[in-house]
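Here is how the chains run, residue by residue.
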Amino acid sequence: MLLPALIAALTVLLLLISSILVGRARGLYGIKAPATTGHPDFERAFRAQMNTQEAALMFLPTLALAAWLGQPLLASVFGAVWLLARAWYLAAYLRDADKRGPAFALGALMQVALLVLVFVALVRAALM
C-alpha cells in the first residue's frame, strides 16, 4: 500500500503547487482576493487550479478504494499516469488553455480505469 500512498501524497503536492502558482499570479497581476477575474494569465492559473482540485476530489477516494479493494499495484499504475496527466494538464493550461485537451483526456481515462477497478472488485466481493 506504499505506492498508492505515494501517489496520494504527490497529488496533494500537485495541489499545493497549483495553489502557489495562483498566489504568485495574484501578486504578479495585482489581483486582490476575493477576485477571481482579471488578467488572462491569472485566470488560466486560477481555472487550472480549480479544475485540478475538482479532479482530485474524484481521484483520491477512487485511488484509495481501488488499492484497498485488492488492486494496489494496478491502482498505483493508473494513479501515476493520472498524476502525470494532471501535471501535464496544469502546465498546458498555464501556457495555452486550448492545448489542455490531450492531458485532460488521459487523466479522465485513468479516472475511469480506477473506477472500473473499484466496481469489478465490489462485484467480485458481492458474488463470493
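Please refer to the structure higher up on the page.
Residues numbered from 1 in each chain as written. Predicted model: local features only at pLDDT ≥ 70, side-chain atom pairs only at ≥ 80, totals over all residues. Heavy atoms only, no water.

Student: Mind laying out the overall build of the chain, listing which residues take part and the relevant values?
Tutor: Tallying secondary structure elements over the chain gives four helices and zero strands in all. Counted from the first residue to the last, the chain has its helices and strands arranged as α-α-α-α. By principal-axis analysis of the C-alpha atoms, the chain measures approximately 60 × 25 × 20 Å. Taken over 128 residues, the chain has a buried fraction of 37%. Here the contacts in the chain between residues at least 6 apart in sequence split such that 68% fall between residues at least 24 apart. Of the roughly 7400 Å² of accessible surface on the chain, 74% is carried by carbon and sulfur atoms. Computed over 10 positive and 5 negative side-chain charges, the separation of the two mean positions in the chain equals 7 Å. (Helix = DSSP H or I, 4+ residues; strand = E, 2+ residues; numbered from the N terminus. Buried < 20%, exposed > 50% of the residue type's maximum accessible area, 1.4 Å probe, protein only. Contact = heavy atoms within 4.5 Å. Areas by Shrake-Rupley, 256 points an atom, 1.4 Å probe, with all protein chains shown as cover. Lys, Arg positive; Asp, Glu negative; His and termini not counted. Charge placed at Lys NZ, Arg CZ, Asp CG, Glu CD.)

Student: Just give me the short version of the pattern of salt bridges, but keep the residues and values in it.
Tutor: All told, the structure shown has three salt bridges when counted by the stated rule. A salt bridge links Arg 47 to Glu 54; the shortest N-O distance between them is 3.8 Å. Overall, the relative accessible area of 32% leaves Arg 47 in the partly exposed class. For Glu 54, a relative accessible area of 45% corresponds to the partly exposed category. (Salt bridge = Lys/Arg side-chain N within 4 Å of Asp/Glu carboxyl O.)

Student: Which residues make up the environment of Gln 49, and what values go with them?
Tutor: Secondary-structure assignment places Gln 49 in helix H2 (residues 40-68). Taking the relative accessible area as the measure of exposure, Gln 49 reaches 7% and is therefore buried. For Gln 49, the contacting residues outside a window of four places in its chain are Ser 18, Ser 19, Val 22 and Leu 90.

Student: Quick one: what's the story with the packing of H2 against helix H3 (residues 72-95), residue by residue and with numbers?
Tutor: Each pair of packed helices can be described by the angle between their axes along with the distance between the axes. Taken N-terminus to C-terminus, the directions of H2 and H3 make an angle of 180°; their axes are 10 Å apart at the nearest point. Judged by the angle between their axes, H2 and H3 are roughly antiparallel. Partitioning the contact of H2 with H3 into residue classes produces 15 nonpolar, five polar and four charged. (Axes fitted to C-alpha atoms, helices over the stretch in contact; angles between N-to-C directions. Parallel < 35°, antiparallel > 145°, perpendicular 65-115°, else oblique. Nonpolar A, V, L, I, M, F, W, Y, C, P; charged D, E, K, R; others polar.)

Student: Pulling in residues and values, what's your account of the environment of Leu 73?
Tutor: Tracing the sequence through the fold places Leu 73 in helix H3. Along the sequence, Leu 73 and Ala 121 sit 48 residues apart, while their C-alpha atoms lie 14 Å from each other.

Student: Lay out helix H1 (residues 2-29) with the relevant residues and their values.
Tutor: Since the α-helix turns once every 3.6 residues, residues separated by three or four places project in the same direction. Look at H1: 40 Å from first C-alpha to last across 28 residues, which is about the 40 Å you get at 1.5 Å a residue. Looking at the buried positions of H1, the neighbouring elements they touch are H2 and H3. Downstream of H1 by one or two residues, Gly 30 has phi in the positive range, about 65°. (Expected span 1.5 Å × (residues − 1).)

Student: Go over a nonpolar patch on the surface, please, and point to the residues and values.
Tutor: Taken together, the side chains of Leu 3, Leu 6, Leu 10, Leu 13, Leu 16, Ile 17, Ile 20, Leu 73, Leu 74 and Val 77 define a hydrophobic patch exposed on the protein surface, amounting to about 870 Å² of accessible area. Those elements giving two or more residues to the nonpolar patch turn out to be H1 and H3. In terms of residues, the nonpolar patch owes the most to one element, H1, which gives seven residues. Looking at Leu 73, the relative accessible area reads 59%, which means it is exposed. (Patch = residues over 30% accessible without salt bridge, like charges linked within 9 Å, V, L, I, M, F, W, Y side chains within 5 Å.)

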